[in-house]
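# Architecture and fold: a report
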Amino acid sequence: MLRCILLSQVRLGMHIHKLEGSWLEHAFWKSSFLLNRRDDLQRLLASRVQGVWIDTLKGCDVGPVDTMCLEGPVKKSVASKRKAVSTRKDMQGEMARALKVCAFAKHSITEMFSDLRMGRAFEPTHLTQLVGDISESVLRHPHALISLARLKKANEYTYMHSVAVSGLMIALARQLDLSPALVQEAGMAGLLHDVGKMAIPETILSKPAALTAAEFETIRSHPVKGAEILRTCPHISERVLDVCLHHHEKCDGSGYPYGLIQEQISLFAKMGAVCDVYDAITSHRPYKQGWNPADAIQKMAEWKGHFDARVFQAFVRCVGIYPVGALVRLKSGRIGVVIEQNEKSLLKPVVKVFFSARSRLPIVQEVLNLAEQPDTIVGRESANEWGFKNIDELWSGLAQTPSSYFD
Ligand SMILES: [Fe+2]
């Protein structure tokens, strides 16, 4: 959809379709492009462009606070500001917006990591807008963005893992009733928790095989290296630094780098540990397929001594016992994938059924809200064992073929 907005509303992540006014009045040589560089944004804001047409199907839209959808050239007299209203959207309604946030996030994180690799200055305040976008998406619907970010391709793991952990940290912080300022800080901590990976050779990070002992030790140095990087950056809070340094500590003292125990680990670092592990084990990696999200929750619950019990219980209340994307069998013998949570009961999510375990044949797809049905979940199922290939497509609506969903 094309939309004409004020120059002051332009932000990173928008797809610029056309600029109003003489091209001589601005420094851009392209009329249609994705605005993903900070210096381009600054040049555009400093120009005398009268209005900007954006394509909201190819990039970010204006936020709900400042939305001014105009039918023609910019005329302030006909534009009316809409009051900021945060309302919970349905899952599918939020998916399209969450996809754009993920695309913008991928560009921003890639740029940040690239700057760090080149030894360039890193300005974390530029990530504040991104944390705000992720936070707004999670607020509108807590499962859309965090479920989407899990679908990262193996070759974009390092970048999209940061986005996924940021979304999970925000959802968990809200679940723990932390203040809005701490929720934002949790989101920033998620984005930056693995920044030390930039000091690790790409050949080790993306190695499509098991690591050697020496390579494993190199990987284990990333929390300390990350903290060293963040200490040189302005505007990094102690909590963000703490999560970076301690997100691999375990409550029983078996973690690294310092082998801290329960009471020595902060709440934020405990949150980081849960969010980091959940996204790591449910994501596809170069050397293994990601776990079924319901299996991941089950396994994490069995790892005694790893996570803080209170934080883990809050996390399960966030993502569910059967998270979005989980493959389950119903008492009726039907197999389906979880597409939505039920806020009142973690055991009764919304499930899209598509297969009969009894006849071992596909059935007509049907969406069942288990809170309103006599059917119930009797167990988790393995997509690999059944030979199902398109589980993620069933709940996300995204095709399985693109090299990345977030380009
Ligand atoms: Fe890490």
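Look up a bit, the structure's there.
Here we summarise the structure given alongside this text. In this text, all values refer to a predicted model and were calculated from it rather than measured experimentally.

### Quick word on the overall build of the protein
Each helix and strand in the protein was counted, giving 15 helices and 9 strands. Here the protein, with 407 residues, has 54% of them falling under the buried criterion. At a minimum sequence separation of 6, the contacts of the protein that also span at least 24 residues come to 66%. Counting every atom, the protein has about 19000 Å² of accessible surface; 53% of that belongs to carbon and sulfur.

### Remarks on the nonpolar core
Formed by 103 residues in total, the largest nonpolar core has its most connected members in V10, I16, L192 and M271. Formed by 11 residues, the second largest nonpolar core is a distinct cluster that contains Y322, V338, V353 and L368.

### Some thoughts on the environment of Y157
Its place among the elements puts Y157 in helix α5 (residues 157-175). Apart from residues lying up to four places away in sequence, Y157 is in contact with K152, D279, A280, S283 and R285.

### Section: the sheet that holds strand β7 (residues 350-356)
Strand order in the open sheet made by the 5 strands is β8-β7-β6-β5-β9, with antiparallel pairing throughout. Strands at the two margins of the open sheet, each flanked by one partner only, are β8 (361-369) and β9 (377-380). Taking the axes of each pair of neighbouring strands and ignoring which way they run, one obtains an average angle of 30° across the sheet. As paired strands, strand β5 (residues 327-330) and β9 are joined by 3 bridges and run antiparallel to one another. Opposite R329, over in β9, you have G379 as the bridge partner.

### Observations concerning the pairing of strand β4 (residues 51-55)
With 5 of 5 residues buried, β4 is to be regarded as a mostly interior element. One ladder, built from 4 bridges, connects strand β1 (residues 2-5) with β4; its direction is antiparallel. Counterpart to R3 in the pairing with β4 is I54.

### Topic: the packing of α5 against helix α11 (residues 267-282)
Packed helix pairs are specified by the crossing angle of their axes together with the interaxial distance, meaning the distance between the axes. Contact geometry of α5 with α11 gives a least axis separation of 9 Å together with a crossing angle of 130°. Here α5 is positioned oblique relative to α11, judged by the angle of their axes. Taken as a pair, α5 and α11 cross one another with a handedness that is right-handed. Along its contact with α5, which presents Y157, H161, A164, V165, L168, M169, L172 and A173, the element α11 presents F268, M271, G272, C275, D276, Y278, D279 and A280. Of the residues contributing to the contact of α5 with α11, the split by class is 12 nonpolar, 2 polar and 2 charged.

### Quick word on helix α6 (residues 180-192)
Its 13 residues give α6 an end-to-end C-alpha distance of 19 Å, which sits within 8% of 18 Å, the value for a rise of 1.5 Å per residue. All of the buried residues along α6 are V183, E185, A186, G187, M188, A189, G190, L191 and L192. On its buried face, α6 sits against α2 (91-117), α3 (128-140), α5, α9 (222-231), α10 (238-246) and α11.

### Re the packing of aromatic side chains
When we look at a pair of aromatic rings, we describe it by the centre distance and by the angle of the planes. The full count for this structure, using the stated rule, is 9 aromatic pairs. Considering the side-chain rings of F355 and F388, the 5.0 Å spacing of their centres and the 65° angle between planes classify their relative orientation as edge-to-face. With a gap of 33 residues between them, F355 in strand β7 and F388 in the loop between α14 (383-386) and α15 (391-396) connect regions that are remote in the sequence. No difference in accessibility class separates F355 from F388, as the two residues are buried. Relative to F388, the ring of W386 has its centre 5.9 Å away and its plane inclined at 5°; by these criteria the two rings are stacked. For W386, a relative accessible area of 18% corresponds to the buried category. Ring-pair connections join several aromatic residues into one group, and the members of that group are W291, W303, F307 and F312.

### Focus: the environment of V10
Structurally, the position occupied by V10 is in the loop between β1 and β2 (15-20). Along the backbone, V10 and L44 are 34 residues apart, and their C-alpha atoms lie at a distance of 8.6 Å. The contacts of V10, once residues within four sequence positions are left out, are I5, I16, L35, L41, L44, L45 and V52.

Conventions adopted
- Residues numbered from 1 in each chain as written.
- Predicted model: local features only at pLDDT ≥ 70, side-chain atom pairs only at ≥ 80, totals over all residues.
- Heavy atoms only, no water.
- Helix = DSSP H or I, 4+ residues; strand = E, 2+ residues; numbered from the N terminus.
- Buried < 20%, exposed > 50% of the residue type's maximum accessible area, 1.4 Å probe, protein only.
- Contact = heavy atoms within 4.5 Å.
- Areas by Shrake-Rupley, 256 points an atom, 1.4 Å probe, with all protein chains shown as cover.
- Core = buried A, V, L, I, M, F, W, Y, C linked by side-chain atoms within 4.5 Å.
- Pairing = 2+ DSSP bridges.
- Axes fitted to C-alpha atoms, helices over the stretch in contact; angles between N-to-C directions.
- Parallel < 35°, antiparallel > 145°, perpendicular 65-115°, else oblique.
- Left-handed = near helix turned anticlockwise from the far one by under 90°.
- Nonpolar A, V, L, I, M, F, W, Y, C, P; charged D, E, K, R; others polar.
- Expected span 1.5 Å × (residues − 1).
- Phe/Tyr/Trp six-rings, centres within 6.5 Å; stacked < 30°, edge-to-face > 60°.

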